[in-house]
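What the coordinates show
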Number of protein chains: 2
Amino acid sequence: MGTTQLETVPEPKYWHLKTVLSEALDSEFAVGEILPNERELAARFGVARATLRQALEQLELEGRLQRRRGVGTTVAPPRVGLDIVPAPQSWPGGPGDAWQTEGYERLAPPAAVAGLLAAADGATVHAVRRTRYTQGQPVATEVLYVPAGSVPGVPADAPQEAPALPDGAAAARVLRELHRLDLEGQDRAVELGSARAEDARLLDRLPGAPVLVVTTRYFSGGRTAAVAVSTYRADTCRLTFGAHDVLPVAG
Amino acid sequence: MGTTQLETVPEPKYWHLKTVLSEALDSEFAVGEILPNERELAARFGVARATLRQALEQLELEGRLQRRRGVGTTVAPPRVGLDIVPAPQSWPGGPGDAWQTEGYERLAPPAAVAGLLAAADGATVHAVRRTRYTQGQPVATEVLYVPAGSVPGVPADAPQEAPALPDGAAAARVLRELHRLDLEGQDRAVELGSARAEDARLLDRLPGAPVLVVTTRYFSGGRTAAVAVSTYRADTCRLTFGAHDVLPVAG
DNA sequence: TAGTGGTCTAGACCACGCC
DNA sequence: GCGTGGTCTAGACCACTAT
């Protein structure tokens, strides 16, 4: 029963370090506090800096630490819970939507999205870029892909001489036209990804930072009328589905 | 407009490597194929092994590669989509449930779970361990925490002399008693974590491997009647919510 | 300019799976 | 035993932030 046996298989140093640091964070540090720098910590624990960094990386992945180049390593606040389902069935940009429109483009969607939209190769779609903020900090970016066929009311690829609409207006128009459609259902998938350069910049992270990618399909008229790909910071966010809000998250 | 400018800021080598490898995976390798070993690849690209490994780590995180000590690095199949919501509202172990019961224990829940259950410090709960398999492979492990008060029909902490039920029977009994309760609602949260030693072993991964942690709260009688903490392999899994199954995932 | 975390190197040895 | 990926070291230099 008692698991107090001696280590039969020695655990890696970085794993042990992580445990020790984790306990220290619980007992000796306050949220926002700056830890000693990496060289100092490595020396204090008698390990190489690379080994220490392996432990810090894990803790950052778990949302316990935040590291910023040129500044230092700080103790992270608990992850924020972000509701992914504002209303049972609703188009993006509807009531209760936490997103802010930030850009518009017309482009050929990435292959994975093209597959979901059953779009022809090379066909372009409306792409609305949005960002989600919490407490003034950007926590997620999103690209909403809408095939031209879903929103015939929006000027399509105008012949080059007619520059259609300014971007802000085009984005608003796409969302407005979407809301006219009958939303028959939607679909979500969550997976782990790493931030592409642009997303990383918007989220104030380095490229490759771990992110939770939420792919939402919106169905209307028997087809996929739109696809949203949302990229959440994995270190600081907890995604909630149908939060019931009975109890505060303690412990 | 055109973003074809020269690199003003050179990207890190490992980032570039990752891109190159990613493209090679798309075009030159089949799923399951074994890549050249790390020393060979590092030499081929003219970088240190550690740098190459940084690139491989990213690709593994994204589910593109699978690395196994003593074996090699293989090209991973696309992630499997696992439905998290078998039925709109249902207790664990109900119809359509993909989990297999594997163990039972009576224990004091971890602090975070105790908070969700509003359990007194030191109070023990029923803990049912379950595993989810797909194509014969374990993809997730779960611990279902049920306070004794939620299932009065299950023998509680018997005085030491009466060893209550064998584990398998106890687990089944907990689930059966749960199903008698009126399920008033449920709640889910998804976040990134790293596999604890035991979960890692069950999932055939190394400790610290990235996992998606799904926390489900089950409400009954105005309180949280049970909490399930499910740990999915982040490298191989895509979690789906209310899959609509209109289109195959192409591209 | 000083100090931080981020990248990179060239080694070494270890734990594991397979033959 | 041999080859694989996993861990670890002791350095170096770079990019960024704050002062």
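The sections below set out a description of the structure shown in this document.

Rules behind the numbers
- Residues numbered from 1 in each chain as written.
- Chains lettered and ligands numbered in written order.
- Predicted model: local features only at pLDDT ≥ 70, side-chain atom pairs only at ≥ 80, totals over all residues.
- Heavy atoms only, no water.
- Contact = heavy atoms within 4.5 Å.
- Buried area = accessible area lost by both parts, 1.4 Å probe.
- Salt bridge = Lys/Arg side-chain N within 4 Å of Asp/Glu carboxyl O.
- Polar contact = N/O pair within 3.5 Å; in protein donor to acceptor, adjacent residues only side chain to side chain.
- Helix = DSSP H or I, 4+ residues; strand = E, 2+ residues; numbered from the N terminus.
- Buried < 20%, exposed > 50% of the residue type's maximum accessible area, 1.4 Å probe, protein only.
- Near = heavy atom within 4 Å.
- Nonpolar A, V, L, I, M, F, W, Y, C, P; charged D, E, K, R; others polar.

On the chain A side, the residues contacting the 45 residues of chain B number 45 residues. Summing both sides of the interface, chain B and chain A together bury roughly 3,500 Å²; the carbon and sulfur share of this comes to 58%. Where chain B packs against chain A, one counts 2 salt bridges. One salt bridge connects A:Glu191 with B:Arg79, and the closest N-O pair in it is separated by 2.7 Å. Viewed at the interface, chain A and chain B are joined by 15 residue pairs in polar contact (both at pLDDT 80 or more). Those elements that provide at least two residues to the side of chain B that touches chain A are helix 1 (13–28), helix 3 (49–61), helix 4 (111–117), strand 7 (185–194), strand 8 (210–220) and strand 10 (237–241) of chain B. A total of 10 residues in the side of chain B that touches chain A trace back to one element, the largest contributor, which is strand 7 of chain B.

Bringing unusual backbone geometry into the picture now. Positioned with a positive phi, A:Asp204 is a non-glycine residue whose angle comes to about 60°. Relative to the helices and strands, A:Asp204 is located in the loop between helix 6 (197–202) and strand 8 (210–220). When its relative accessible area of 55% is taken as the criterion, A:Asp204 is described as exposed. Although it is not a glycine, B:Gln135 adopts a positive phi angle of roughly 50°. Tracing the backbone through its elements, the reader meets B:Gln135 in the loop between strand 5 (125–134) and strand 6 (137–147).

Surveying the vicinity of DNA strand D reveals 26 residues, the closest of which are A:Lys13, A:Thr51, B:Asn37, B:Arg49 and B:Arg53. When the atoms of DNA strand D within 4 Å of the protein are grouped by moiety, sugar and phosphate amount to 67% of the total. Within the side chain of B:Asn37, a nitrogen or oxygen atom sits 2.8 Å from a phosphate oxygen of DNA strand D. Take B:Gly70: an N or O atom from its main chain is 3.0 Å from a base oxygen of DNA strand D. Mapped by element, the contributors of at least two residues to the surface near DNA strand D are helix 1 (13–28) and helix 3 (49–61) of chain A together with helix 2 (38–45), helix 3, strand 1 (65–68) and strand 2 (72–75) of chain B. Looking at the surface near DNA strand D element by element, the count peaks at 4 residues for helix 3 of chain A. For the surface near DNA strand D, the class distribution of residues is 8 nonpolar, 7 polar and 11 charged.

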